Amino acid sequence: MAPANGTGRAGGRNPGAGSGRGRRPAVKLTGTLAEISKRKGTHWDVLGDISNDLAAEHLKPIDRRTDVIHPSEMAKDDWCARNTFYRIMNARAGKLMTKGEFNFQQEGIFATGHALHDKWQGWLRLGGDLYGQWKCMHCGWLTGIQLDPVTCPQCKSPAVRYAEVPIRAEKEFLIEGHSDGMLLKKARLIEIKTIGMGTLRMDAPKLLQKYYFESEEAGKKLYDLDGLWADLQEPLPSHVRQLQIYLYITMRLMGLEVRRGSFIYEFKPNQATKEFGITLDLSVVEPLLEKATAIKDAVYQTGTIPEREFDRDSSTCKACPYFSQCWSDVAPNQQNQDVRDEADQPSKSRSNARAGSRRTGAARAARRVPAATAEGPDGAGGRRADGAVRPAQRMGRLRRRPTQSGGDR
Ligand code: SF4
Ligand SMILES: [Zn+2]
C-alpha cells in the first residue's frame, strides 16, 4: 500500500496527472479543481473525508472584519493601500468576501500555526502575568483587558480561554487587530511566530539560498536547516512592522503600560526557539500609519482612491482581485510606455523608477470614488522584492537575545 502523505498529493492513479501512452495530454488543473483531483487517488480514504469537510468549512464567509485595516496586511512588504481600500468599500457595500482557493496543505499550515500559538499562550499563562481579554467557553462572556480571572466572572466556569489583546485604532486609523499577548509586569507585548520554509521563502530568500547546498550523498540540493536557523539573528522585516504597529497603538492610543515587544520564534522543522526584543521605532510605524490615514480619509472624507502601489505588469497587480477595477481607466499601452520611460532614465535607480511610476499612476488615479464592485479574496497574492519600509529602517532598535533550545546554535 502506498503511503498517504500530508502534502495533498494523492499519488498512484491520480487522474489529474495522466501522462501515459495513448492518453490525452494532461490538463493542468489549478485551485479547487486540483484539490478535488488529488482526492480521487486511491490513497485518500480518511484524508479524503477530512479534506472534504475542510473544503466545506472553507466555503463559509470570512469571520473576521473586512471593513477595517488589519496590521498583518499593513506589515506585508507588498501592502497596497488601494487594494485595502477596495476591500473596505466592498465590505461597506455589504459584499461578502470570498476566500482564496482551497488548499489542503495550506489549511494544515494555518492550523499548525494556530495550535502553536495556543501552546505558547498556554505556557505564558502559567506565570500569572498574561494580560488581555478572556473568554468563557461556557457562557461566552468576554472580559475587559485584565489578568487571568481563572474562572468566568459571570458564570464561574473554569473554561476560560485567553482572547489576546485587542488592538483598537479604528477611530484614528481604521485599524483593528489582536496582539498575541501582553505581560503586565514586564510591560511587554508578545508576538509568536512559527517559522517554516514558506515564511523564509517570502521574508528571507537570501538566507534560505545561503543554506541550500549540493549534497553528494543525496545527489541533489538540500537545506542546512540547523545552520540556517543559527544564522537567523534578527526578526523578519514584516514581523517587525507588525509588532511596531501594535506597540504604537497600545502605547500611544490605548494607554496600556507597554515599554517593548518580544518575538517568540519557533522553527517548524525542529521546534527550536529564539527570542528577539524591539522598542517602538516611529520611523518604521509612521509611513504605515500615513498609508492607513489615506485609506481612512478615502473611505470617510475625500473619496480619493489611494495611489496605485505597483506597476500594471507587476506580479502583485496581476494577482490582485481588484486589477480590472484598479486599471480600468488606463490604457495598457500608456502604462507600459510610462514604465519604459522611467526605465530609460539612466540616472534613476530601479527603485526610484518604481517610485516615479507610482506617482504618475497616482496622479492619474486621483479621482472621485465610484461604488466599489470587485469581489475577491482578502489581500493581493504576489510579492515584490523590496519592502514598503526602507531596509535601514526595518528592524527598529533591536536587542538580540539568543535564548534557544533544540537545534539552535
Ligand atoms: S491592481 Fe495593483 S495597484 Fe491596483 S489595487 Fe491591486 S495591487 Fe494595488
Ligand atoms: Zn461564563
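Computed from a predicted model, the values in this text were never measured in an experiment.

Rules used throughout
Residues numbered from 1 in each chain as written. Chains lettered and ligands numbered in written order. Predicted model: local features only at pLDDT ≥ 70, side-chain atom pairs only at ≥ 80, totals over all residues. Helix = DSSP H or I, 4+ residues; strand = E, 2+ residues; numbered from the N terminus. Buried ≥ 20, exposed ≤ 12 C-beta atoms within 10 Å, placed from the backbone. Contact = placed C-beta atoms within 7 Å. Near = placed C-beta within 6 Å. Nonpolar A, V, L, I, M, F, W, Y, C, P; charged D, E, K, R; others polar. Pairing = 2+ DSSP bridges. Axes fitted to C-alpha atoms, helices over the stretch in contact; angles between N-to-C directions. Parallel < 35°, antiparallel > 145°, perpendicular 65-115°, else oblique. Core = buried A, V, L, I, M, F, W, Y, C linked by C-beta atoms within 7 Å. Expected span 1.5 Å × (residues − 1).

## Things to note about the overall build of the protein
In terms of regular secondary structure, the protein is built from 16 helices and 13 strands. Scored against the burial criterion, the 409 residues of the protein give a buried share of 30%. Long-range pairs, those at least 24 residues apart, make up 70% of the contacts in the protein between residues at least 6 apart in sequence.

## Quick word on the site of ligand 1
Around ligand 1 sit 13 residues, and of these Cys80, Arg308, Cys317, Cys320 and Cys326 come closest. Every element with two or more residues in the shell around ligand 1 is listed here: helix 4 (81–92), helix 12 (315–318) and helix 13 (323–326). Taken together, the residues that form the shell around ligand 1 break down as eight nonpolar, two polar and three charged.

## Describing the pairing of strand 9 (residues 212–215)
Relative to strand 10 (residues 220–223), strand 9 runs antiparallel, the two sharing four bridges. Of the residues in strand 10, the one forming a bridge with Phe213 is Leu222. Two successive antiparallel strands, strand 9 and strand 10, enclose a turn made up of four residues, where Gly219 displays a positive phi of approximately 70°.

## Thoughts on the pairing of strand 6 (residues 175–179)
Where burial is concerned, the two faces of strand 6 differ: the one with Ile175, Gly177 and Ser179 is buried and the one with Glu176 and His178 is not. Two strands pair when backbone bridges link them, and strand 5 (residues 165–169) and strand 6 are joined in this way by five bridges, in the antiparallel orientation. Along strand 6, the bridge assignment pairs Val165 with Ser179.

## Digging into the packing of helix 10 (residues 237–253) against helix 11 (residues 282–300)
In the contact formed by helix 10 and helix 11, the axes pass within 9 Å of each other and the chain directions differ by 85°. In terms of orientation, helix 10 and helix 11 fall into the roughly perpendicular class. Residues Val240, Arg241, Gln244, Ile245 and Tyr248 of helix 10 lie in contact with helix 11, whose contacting residues are Val284, Val285 and Leu288. Considered class by class, the residues forming the contact of helix 10 with helix 11 number six nonpolar, one polar and one charged.

## Side note on the nonpolar core
Core analysis: the biggest nonpolar cluster contains 62 residues, and Ile69, Phe85, Leu174, Ile175, Ile245, Ala292 and Ile295 have the highest contact counts within it. Setting aside residues up to four positions removed in sequence, Ile175 forms contacts with Val68, Ile69, Pro71, Ile167, Ala169, Glu170, Ile249 and Ala292.

## Brief notes about helix 4
Note: α-helices contain 3.6 residues per turn, so residues at a spacing of three or four share the same orientation. Compared with the 16 Å implied by 1.5 Å per residue over 12 residues, the 16 Å span of helix 4 between its first and last C-alpha is a close match. If you check which residues of helix 4 are buried, you get Ala81, Arg82, Asn83, Thr84, Phe85, Tyr86, Arg87, Ile88, Met89 and Asn90. Along its buried surface, helix 4 packs onto helix 3 (71–74), helix 11 and helix 13.

## Some thoughts on the environment of Met197
Mapped onto the fold, Met197 is located in helix 7 (residues 197–203). Note on Met197: 13 C-beta atoms within 10 Å, which makes it partly exposed. Separated by 28 residues in sequence, Met197 and Leu225 place their C-alpha atoms 9.5 Å apart.

## Considerations on the environment of Ala81
You can see Ala81 is positioned in helix 4. The buried category is assigned to Ala81, around which 24 C-beta atoms lie within 10 Å. Sequence separation between Ala81 and Pro306 is 225 residues; the distance between their C-alpha atoms is 6.2 Å. For Ala81, the contacting residues outside a window of four places in its chain are Lys291, Ala294, Ile295, Pro306 and Glu309.

## Things to note about unusual backbone geometry
A positive phi is found at Val150, a non-glycine position, where the angle reads about 70°. Structurally, the position occupied by Val150 is in the loop between strand 3 (146–147) and strand 4 (160–162). Take Val150: there are 11 C-beta atoms within 10 Å of it, and that puts it in the exposed class. A positive phi angle, near 65°, is found at Leu174, a position not held by glycine. Here Leu174 lies in the loop between helix 6 (170–173) and strand 6. By C-beta crowding, Leu174 is classed as buried, having 21 other C-beta atoms within 10 Å.

Shape descriptors only; they carry no functional weight alone.
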